[in-house]
Amino acid sequence: GAGVSQSPSNKVTEKGKDVELRCDPISGHTALYWYRQSLGQGLEFLIYFQGNSAPDKSGLPSDRFSAERTGGSVSTLTIQRTQQEDSAVYLCASSKSWGTSYNEQFFGPGTRLTVL
Amino acid sequence: QQQVKQSPQSLIVQKGGISIINCAYENTAFDYFPWYQQFPGKGPALLIAIRPDVSEKKEGRFTISFNKSAKQFSLHIMDSQPGDSATYFCAAWDSGNTPLVFGKGTRLSVIA
């Protein structure tokens, strides 16, 4: 079946512009996660959704970052007034659910964001 | 604060050799330890995982060794092949806390 898809695959923007990154999770997966991958820094957790709700937004790097999820499916990560330090690969993952037992997270291919 | 420390940062192994990647953690609440494999331009994919109630798990050429008292775990790739060349991430999960905490990754190159 279809995996997690992300769009665009690459995004080049100018400093100060806003960008929107999209994630389509695997159908039926209720949990959705956003991570940021910077060179040599591993994967940094940003935010997760259980359904349309994001219980903890403390992982977002600054108030320029926001995320939403509608209909329990598609999620959008928005970065306002982009800065050069925002350049990274943004990865989305989904899992069947969220709870006390680990549910495998399936990752999308990521969006490579470059801020000039 | 880095909760999972991974080493080495990069590794070059001859074809047929053994690749060993090590990870250490501090949070004793972690109760699930997966390893992810990532090829260039792709997202990470689950390779193998272990829970702290066992000391070793083997799947094909991939083995996780787990030392609960030392709070360390490692990935061993036996008979390493050029197709194993990728970045490997160890991770840890705490059922009562945030999603996966990742190490910084190890870039493995298997040369013929």
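Everything in this summary refers to the structure shown in the same document. (Residues numbered from 1 in each chain as written. Chains lettered and ligands numbered in written order. Predicted model: local features only at pLDDT ≥ 70, side-chain atom pairs only at ≥ 80, totals over all residues. Heavy atoms only, no water.)

## Digging into the interface of chain A and chain B
Our working definition: When checking whether two residues touch, look at their non-hydrogen atoms; a contact exists if any pair is within 4.5 Å. What gets called buried area is simply the loss in accessible area from a 1.4 Å probe that two parts show on being joined, summed for both. Throughout this description, the term salt bridge denotes a Lys or Arg side-chain nitrogen within 4 Å of a carboxyl oxygen of Asp or Glu. Any N or O atom pair separated by 3.5 Å or less is treated as a polar contact, with the protein-specific requirement of one donor-capable and one acceptor-capable atom, and with residues adjacent in sequence counted only for side-chain atom pairs. Segments assigned H or I by DSSP are reported as helices when at least four residues long, segments assigned E as strands when at least two residues long, and all are numbered from the N terminus. Asp, Glu, Lys and Arg are counted as charged, while Ala, Val, Leu, Ile, Met, Phe, Trp, Tyr, Cys and Pro are counted as nonpolar; the rest, among them Gly, fall into the polar class.
Each partner contributes residues to the interface: chain A has 20 residues there, and chain B has 19 residues. When chain A packs against chain B, the two sides together hide about 1,600 Å² of surface, and 63% of this comes from carbon and sulfur. When the area that chain A buries against chain B is broken down by residue, the three leading residues are Leu43(A), Tyr102(A) and Phe107(A), summing to 36%. Linking chain A with chain B are zero salt bridges, by the criterion used here. If you look at where chain A meets chain B, you find two residue pairs in polar contact (both at pLDDT 80 or more). Secondary structure elements with two or more residues in the side of chain A that touches chain B: β4 (31-37) and β5 (43-50) of chain A. Here the residues of the side of chain A that touches chain B are counted per class, giving 10 nonpolar, nine polar and one charged.

## With respect to the sheet that holds strand β1 (residues 4-7) of chain B
All names here are of chain B. Stated formally: DSSP calls a pair of strands paired once it identifies at least 2 bridges connecting them. Convention adopted: a line fitted to C-alpha atoms gives each axis, helices being fitted over their contacting stretch, and angles between N-to-C directions are expressed from 0 to 180 degrees.
Sheet architecture is open: five strands sit in the order β1-β3-β8-β7-β6, paired in antiparallel fashion. Of all strands in the sheet, those bounded by a partner on one side alone are β1 and β6 (56-59). Going across the sheet, the axis of each strand differs from the next one's by a mean of 15°, ignoring polarity. The pairing of strand β3 (residues 19-25) with strand β8 (residues 72-77) spans six bridges and is classified as antiparallel. Bridge pairing in β8 places Cys23 opposite Phe73.

## Examining the side chain of Asp84(B)
Residues and elements named next belong to chain B. Formally: Relative accessible area decides the class of each residue, using a 1.4 Å probe on protein chains only: under 20% of the type maximum gives buried, over 50% gives exposed, and in between gives partly exposed.
Tracing the backbone shows Asp84 in the loop between β8 and β9 (86-92). Using a relative accessible area of 5% as the deciding quantity, one classes Asp84 as buried. With sequence-adjacent residues up to four places away left out, Asp84 is seen in contact with Gln37, Arg61, Phe62, Ile77, Asp79, Leu108 and Val110.

## Some thoughts on the packing of aromatic side chains
Here is the rule we go by: Think of it this way: a Phe, Tyr or Trp ring, Trp meaning its six-membered ring, pairs with another when their centres are within 6.5 Å, and the plane angle makes it stacked under 30 degrees, edge-to-face over 60, tilted otherwise.
One pass over the full model with this rule turns up 18 aromatic pairs over all chains. Ring geometry for Tyr35(A) and Phe45(A): centres 5.8 Å apart, planes at 65°, overall edge-to-face. On the criterion of sequence distance, the pair formed by Tyr35(A) in strand β4 and Phe45(A) in strand β5 is long-range, its members being 10 residues apart. Taken individually, Tyr35(A) and Phe45(A) each receive the classification buried, so the pair is uniform in this respect. Among the aromatic residues, ring-to-ring pairing joins Tyr33(A), Tyr35(A), Phe45(A), Tyr48(A), Phe107(A), Tyr36(B), Phe89(B) and Phe102(B) into one connected group.

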